[in-house]
Amino acid sequence: MVTSVSEVEEALYLLERDWVAVQEEEQVKITKPKIGIMVEVPSVLLQIDEFAELVDFFSVGSNDLTQYLLAVDRNNPRVGNLYDAMHPAVLRALNQLGQQAYGLQFPISICGELGGEPLGVLTLAAMGFNSFSMNHSNLAKIKWLLRRIDLAELRLLLPDVLACQSPKQVRVLVQRFLDQKQLLNQLRA
């Protein structure tokens, strides 16, 4: 997990060194790949501008980021019930990150369970995220849902979502939106 700018700088130095060495040894030109980082720990959120100067894209690891933002071990049965990616603090952090990436004109994607669950992907889409990594079993349902949603209307819902005080309130609000669009029952089926 990336936690500091110096880690990325060191990795980039090693990649550059080896990229040059392979080209020299093999007498071939190799296109340098795009380099990105996973945003999985809160410290990265607070230095996103510095990271953006070093890499080509971000991908948010929503499972780990949620765990570390909420200080909850999602695999611990004694506290695992406190882990919830729809927690308002998690959503506010993701929204802030999305706005920063947009302002920097920087590619950002989501991986983890949040991007594969209908309520989560709608919330993320309202924030401007448009690239989601998910389990293939969720793909058809998410594509079906996104094709039936007007993003402009969804974005109007975002301030109310971000003002919620609990994950339950967030879910009720997004479900109500889906129900108004007559999509909730179809989605459940």
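Participant: Explain the overall build of the protein chain here, please?
Facilitator: Scanning the protein chain from terminus to terminus reveals 10 helices and 4 strands. Reading the secondary structure of the protein chain in the N-to-C direction produces α-β-α-α-β-α-α-β-α-β-α-α-α-α. A burial count over the protein chain gives 40% of its 189 residues as buried. Residue pairs at least 24 apart in sequence account for 57% of intrachain contacts in the protein chain once pairs closer than 6 positions are excluded. When the accessible surface of the protein chain is split by element, carbon and sulfur atoms take 51% of a total near 11000 Å².

Participant: How should helix α6 (residues 118-127) be read in this particular structure?
Facilitator: Buried residues dominate α6, accounting for 10 of its 10 residues. Among the residues making up α6, those that are buried are P118, L119, G120, V121, L122, T123, L124, A125, A126 and M127. Directly after α6, the chain includes G128, whose backbone phi takes a positive value near 110 degrees.

Participant: Just checking my understanding: could you explain the packing of helix α5 (residues 88-103) against helix α8 (residues 151-163) for this structure?
Facilitator: Relative placement of two packed helices is described by the angle separating their axes and the distance separating the axes. Relative orientation of the contacting elements α5 and α8 amounts to 135 degrees, with a least axis distance of 9 Å. Relative to α8, the element α5 lies oblique. Contact with α5, carried on its side by L91, R92 and N95, involves L158, V161, L162 and A163 of α8 and no other residues of that element.

Participant: How should I be thinking about the environment of K168 in this particular structure?
Facilitator: With respect to the helices and strands, K168 occurs in helix α9 (residues 167-180). The spatial distance from the C-alpha of K168 to the C-alpha of H87 is 8.4 Å, given a sequence separation of 81 residues.

Participant: I keep staring at the side chain of D84 and nothing clicks. Help me out?
Facilitator: Within the secondary structure layout, D84 lies in the loop between α4 (62-70) and α5. By relative accessible area, which is 15% here, D84 ends up buried. Of note is the side chain of D84, whose polar atom sits 2.9 Å from the backbone nitrogen of M86. With residues up to four places along the chain from it excluded, the contact list for D84 reads T66, L70, V90, P167 and R171.

Participant: Can you help me understand the side chain of S62 in this one?
Facilitator: Within the element layout of this structure, S62 appears in helix α4. If we ignore the near neighbours within four places in the chain, the residues touching S62 are Y83, I110, C111, G112, E113 and L114.

The rules behind each value
- Residues numbered from 1 in each chain as written.
- Predicted model: local features only at pLDDT ≥ 70, side-chain atom pairs only at ≥ 80, totals over all residues.
- Heavy atoms only, no water.
- Helix = DSSP H or I, 4+ residues; strand = E, 2+ residues; numbered from the N terminus.
- Buried < 20%, exposed > 50% of the residue type's maximum accessible area, 1.4 Å probe, protein only.
- Contact = heavy atoms within 4.5 Å.
- Areas by Shrake-Rupley, 256 points an atom, 1.4 Å probe, with all protein chains shown as cover.
- Axes fitted to C-alpha atoms, helices over the stretch in contact; angles between N-to-C directions.
- Parallel < 35°, antiparallel > 145°, perpendicular 65-115°, else oblique.
- Polar contact = N/O pair within 3.5 Å; in protein donor to acceptor, adjacent residues only side chain to side chain.

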